[in-house]
Amino acid sequence: MSLLTGSRHPGDEDLIRYMDHQLDREAHRIMGAHLRTCAACTARLEGYERKSATVSEWLHLLPAAMPDDGKRAVALAAVDRARFRRRGVASFSSTPMRAAAAVVLFLAVTLATEPGRAFVAHGVVKLAGPGPVSTRLAEWLGQDEVLHEQRTLAAADAPVAAPLPSVAAAPRVETPSARPAAPEPPRPRIKPGMSAPVTFTPAGPDVTLVFNSVQGVGAATLWIKDVPRANGQVVTHYAGEGLVPTRDGLEVRNTARSNGDYIITIPSRFRFIRVRVADSPEILIRISKSKQEWIWTINLQTSALQ
Amino acid sequence: MEERLNVTQLFLQHYDGLYRYLVRLTGDADLAADAAQEAFVRLVERPPQDRHVRAWLFAVATNVVRDTARARVRWMTLLTGSPDRAPMGDVGPGPDDAAESAERRKVVRAALDRLSWKERTVLLMREEGFAHHEIADAVGTTTGSVGTMIARALNKLAGELAPTSESLR
C-alpha cells in the first residue's frame, strides 16, 4: 500500500483493495483515516464504487447460463470414472498391495525351478515343522525327501529318555485313518477388491434395491443402460457385504459399518427403480424419463439421491 | 485426500457456479462444460492439499481454458471475433424480449472480449466473490497486481458500457 510506503495518496490498486476489503486491519484503518480527510481520494473511491456497481449490473445481464442435464450427467459420469480409477490405482499403489505383489512375484519365480521349490519346502518345514500342512505342501511341490530329511534330523536330536524312542525315531507312515485330523483351515479373509457380479431379473415392471443399513462410507452408483439383465457388484472393501437377488430386485446386505461402494446396472426397459436405504424413505427413479447411460449416485451416508 | 473429500457433494455445490463463470469467461458453453468437467476430474485425481476447494476448482478450470489447445484455438477466435458473435449459454432468450436482451448481451460480451485474458479473469472471479489472493493464484500474479488489474478492467469496461448504458434502458 503506497500510503504505508510514504506516498501522499493511495494508488488505484489500494483503493480497489480497500473497496473490496482486502487490506489487513491496520492498512484498512490508515486508508479510512486518509479518506476522511482527502476529498480527492474519496472522489476516486466513489468513482470506482460506481464503476464496480455498473459493471456488476451489466455482467448480470449475461444469460444465467446453467448446464443442461446432459452436460451435468456427462461431467458427473467422468468424475465417477475418475473416482473408481483412482481407487483402483490407489489400492494397488498402497504399501500392502506392493508387498503382496512382490511376494507373489517372488513365489512365481521361485516355484518355477526345482531348487526354488526345494528352498520353499525347506523353509516351510523348518518354520512349521513336519505337520499336515507342511506335508501337503511338500508333496504338492514334489519335495517329499525334504520331509524325510527333517524327520531324521528330528529323531537324531530326540532325547534318549524319551518314551518309545523307536517310534519317535522311525519315520512315521501316515495312513488316512491314522493321520491326525487336519486342523480346520483358517477361514479365508476377504480382501478389498471387486466382488463377482450378481445378476438379477425382477419379475415385475419395477426394480427394487434394498440396502439393509446406512453405511459409514460408500455410495451406490446406478447405471441405467440397455442391457439384457440387471447386475450388481460391490467395488472395494466388500468384506461382510453381499448382494442377494430377490423376486423384486436386489438386496444389498450391508451393515452400518460397511464401507463398500456398489455399481448396479439396470436395464432401461424397467419403468421404475425403487431404492430403500435402511429406514430412509423410498426413492423412486422413473426410468422412462431417464436417458440411456444415465447415472444416479446414492450417497449412503445420507441416503439422498444425488 | 479424495476419501476425505465428498466429491459428489462438491460437484453438486460448485458445478453450476463454475460452469456459469466459465461461460461468462469464454462465451462458449461447450468449452465451459469441458473445462468444468476437467476441473472436477483433476479434483479426484490430484486433490488440493491446503487450498480452498472452490478457489482451487475455479483456478484449475481457468487454467484448463487457457492452456488446452482447443481453448487456444477458440480463444484466438474470441480475441479476434466480431462483436456480432451471438452470446453463448444454454438458456436462450425468450421470444418476448429476444431483441433487446440479445442487444444488451452483445454489448456486454463485446466489451468483455476486448479485455485482456487476465483482466477478464480477475473481473469475473471478483464478481464470483473470490478474495484477491485467490484470484492471484488463479492468474499467476501477486495479490497487489490483482488490485491494479481490477482497476484497469473496471475503467475499461465502464468506459465501454457507459455510452450505451442510457440508450438501452
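**Brief notes about the overall build of chain B**
If you tally the helices and strands in chain B, you get eight helices and zero strands. Residue burial in chain B is summarised as follows: out of 169 residues, 44% are buried. Relative to all contacts within chain B whose residues are 6 or more apart in sequence, the contacts with residues 24 or more apart total 67%.

**Re the confidence of the model for chain A**
All names here are of chain A. Of all residues in chain A, 71% attain a pLDDT of 70 or more, and the chain-wide mean is 74. Scored below 50 in pLDDT, residues 159-179 makes ten contacts in the model with residues more than four places away or belonging to other chains. Under a pLDDT of 50 for its full length, residues 187-191 has, in the predicted model, two contacts with residues more than four places off or in other chains.

**What about the sheet that holds strand β2 (residues 206-211) of chain A?**
Residue and element names in this part refer to chain A. Read from one edge to the other, the open sheet built from five strands follows the order β5-β6-β2-β8-β9, with strand pairing classed as mixed. Of all the strands in the sheet, the pair left with one neighbour each is β5 (242-245) and β9 (283-286). The average angle at which neighbouring strand axes cross in this sheet is 15 degrees, direction not considered. Pairing geometry for β5 and strand β6 (residues 249-253), over four bridges, is antiparallel. When the sheet's bridge partners are listed, leucine 243 is paired in β6 with valine 252.

**Let's talk about the pairing of β2 of chain A**
Residues and elements named next belong to chain A. The alternating pattern of β2 places Val207, Leu209 and Phe211 on a buried face and Asp206, Thr208 and Val210 on a face that is not buried. Relative to strand β8 (residues 272-277), β2 is paired through six bridges, and the arrangement is parallel. Opposite threonine 208, over in β8, you have arginine 274 as the bridge partner. Note that β2 and β6 share four bridges and pair parallel. If you follow threonine 208 over to β6, its bridge partner there is glycine 249.

**What to know about unusual backbone geometry**
All names here are of chain A. The phi dihedral of histidine 21 falls on the positive side, at around 55 degrees, and the residue is not glycine. The exposure class assigned to histidine 21 is exposed, which follows from the 9 C-beta atoms found within 10 Å. Its identity as a non-glycine residue notwithstanding, alanine 278 has a phi of 50 degrees, on the positive side. On the secondary structure map, alanine 278 appears in the loop between β8 and β9.

**A short note on the interface of chain A and chain B**
Contacts between the two partners involve 37 residues from chain A, matched on the other side by 40 residues from chain B. It is helix α4 (residues 69-93) of chain A that provides the largest number of residues to the side of chain A that touches chain B, a total of ten residues. Taken together, the residues of the side of chain A that touches chain B sort by class into 19 nonpolar, seven polar and eleven charged.

**With respect to helix α2 (residues 25-37) of chain A**
Under the 1.5 Å per step criterion, the end-to-end length of α2 of chain A is 19 Å for 13 residues, consistent within 8% with the ideal 18 Å. Among the 13 residues of α2 of chain A, one are classified as buried, and the element is accordingly described as predominantly exposed.

**A word on helix α5 (residues 95-111) of chain A**
What sets the pattern is the α-helix's 3.6 residues per turn: residues three or four places apart point alike. Look at α5 of chain A: 24 Å from first C-alpha to last across 17 residues, which is about the 24 Å you get at 1.5 Å a residue. In terms of burial, α5 of chain A is a largely surface element, zero of the 17 residues being buried.

What counts and how
- One numbering rule holds for all chains: residues counted from 1, following each sequence as written.
- Think of it this way: whatever chain is written first is A, whatever ligand is written first is 1, and the rest follow in order.
- The model is predicted, so local features are restricted to residues of pLDDT at least 70 and side-chain atom pairs to those at 80 or more, both for listing and for counting; the totals for chains, interfaces and linings are taken over all residues.
- By definition, any uninterrupted DSSP run of H or I lasting at least four residues is a helix, any uninterrupted run of E lasting at least two residues is a strand, and each is numbered from the N terminus.
- Exposure classification rests on a simple neighbour count of other C-beta atoms within 10 Å of a residue's own: a residue reaching 20 or more is buried, one at 12 or fewer is exposed, and one in between is partly exposed. C-beta atoms are placed from the backbone.
- A residue pair is marked as a contact if its C-beta atoms, positioned from the backbone, fall within 7 Å.
- A residue's pLDDT is the confidence the predictor assigns to it, expressed on a 0 to 100 scale.
- One bridge is not enough; two strands pair if DSSP finds at least two bridges between them.
- Geometry is summarised by axes, namely lines fitted to C-alpha atoms with helices restricted to the contacting stretch, and by angles between N-to-C directions that run from 0 to 180 degrees.
- All amino acids are sorted into three groups, where Ala, Val, Leu, Ile, Met, Phe, Trp, Tyr, Cys and Pro are nonpolar, Asp, Glu, Lys and Arg are charged, and the leftover types, Gly among them, are polar.
- By this rule the span expected of a helix is its residue count minus one, scaled by 1.5 Å.

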